[in-house]
Amino acid sequence: MSSTSHTKPTRRRGTSAEEARLVIEQADADGVKRKDMTLRMTLRDASELKRDPKVPMADISYRDGEMTYLGVAVDQGGVTSTTLDRGDTSYVRGAAADPPPAKPKAVRKKAVKKVVKAVEPVE
């Protein structure tokens, strides 16, 4: 008998446009409205999406300083991997992430001036 693996082959990663389209279509199939979705893209993926010659011009639009892809708002940067927010989290579109707490500045000690007494020459 031969031992064959019945695991699903891994899917090869496509371009950022193909990956985004896939997750948007999956969310559509799950009943999520596109106006509720936010595509949170890394700067690299967003740049690749904008430059992809295979992406039709009608798929990307800009209005009021906001980019949309396939009718889904796109937030660029601030993430380490591109994800689709389906509107079911506390994420607020366009809101900047809370900055990390400021580190207290190190307090420098004041320099102490040493008093040097002059030595009188001996005669």
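Residues numbered from 1 in each chain as written. Predicted model: local features only at pLDDT ≥ 70, side-chain atom pairs only at ≥ 80, totals over all residues. Heavy atoms only, no water.

Note that soluble globular proteins tend to have their nonpolar side chains buried in a common cluster. Counting 18 residues, the largest nonpolar core has Ile24, Met37, Leu39, Leu49, Tyr69 and Leu84 as its most contacted members. Breaking this core down by element, the ones donating at least two residues are α1 (16-29), β1 (38-41), α2 (43-51), β3 (66-69) and β4 (72-76). Of the residues forming this core, the biggest block, 4 residues, is contributed by α1. Aside from chain neighbours lying at most four places away, what touches leucine 39 is Ala20, Ile24, Tyr69, Val72, Ala73, Val74, Asp75, Thr82, Thr83 and Leu84. (Core = buried A, V, L, I, M, F, W, Y, C linked by side-chain atoms within 4.5 Å. Buried < 20%, exposed > 50% of the residue type's maximum accessible area, 1.4 Å probe, protein only. Helix = DSSP H or I, 4+ residues; strand = E, 2+ residues; numbered from the N terminus. Contact = heavy atoms within 4.5 Å.)

Looking now at the confidence of the model for the protein chain. Predicted coordinates in areas of low pLDDT are best not read in detail. The share of residues in the protein chain with pLDDT of 70 or more is 81%, and the mean pLDDT across the chain is 82. Per-element mean pLDDT across the protein chain ranges from 89 in strand β5 (residues 83-85) up to 93 in α2. (pLDDT = per-residue confidence, 0-100.)

Burial analysis of β4 places 4 of its 5 residues in the buried class, which makes it a mostly covered element. In terms of strand pairing, β1 meets β4 through 4 bridges, oriented parallel. Looking at the pairing, arginine 40 lines up with aspartate 75 of β4. Across 3 bridges, β3 lies against β4 in antiparallel orientation. (Pairing = 2+ DSSP bridges.)

Turning our attention to the sheet that holds β4. Strand order in the open sheet made by the 5 strands is β2-β3-β4-β1-β5, with mixed pairing throughout. Lying at the two open borders of the sheet, with one neighbouring strand each, are β2 (60-63) and β5. Neighbour-to-neighbour, the strand axes of the sheet open up by a mean angle of 35°, direction not taken into account. Relative to β3, α1 is tilted by about 75°, and along the sheet it contacts β1, β3, β4 and β5. (Axes fitted to C-alpha atoms, helices over the stretch in contact; angles between N-to-C directions.)

Regular strands place side chains that alternate from one sheet face to the opposite one. Sheet topology places β2 next to β3; 4 bridges connect them, and they run antiparallel. Counterpart to arginine 63 in the pairing with β3 is glutamate 66. Counting the residues in the hairpin turn of β2 and β3 gives 2 residues, including aspartate 64, whose phi is positive at 55°. Hairpin geometry of β3 and β4 is characterised by an intervening segment of 2 residues between the two adjacent antiparallel strands and by a positive phi of about 55° at leucine 70.

Before going further, it helps to examine α1. With 14 residues, α1 should reach 20 Å at 1.5 Å per residue; the first-to-last C-alpha distance of 20 Å fits that figure. Every buried residue belonging to α1 is among Ser16, Ala17, Glu19, Ala20, Ile24 and Ala27, and all of these are buried. For α1, the angular spread of buried residues about the axis comes to 165°, placing them on one side. Summarising the contacts, the buried residues of α1 are in contact with β1, α2, β3, β4 and β5. Backbone geometry just downstream of α1 places glycine 31 in the positive-phi region, at approximately 90°. (Expected span 1.5 Å × (residues − 1). Arc of directions from axis to C-beta.)

Locating aspartate 59 in the fold gives a position in the loop between α2 and β2. For aspartate 59, a relative accessible area of 15% gives the class buried.

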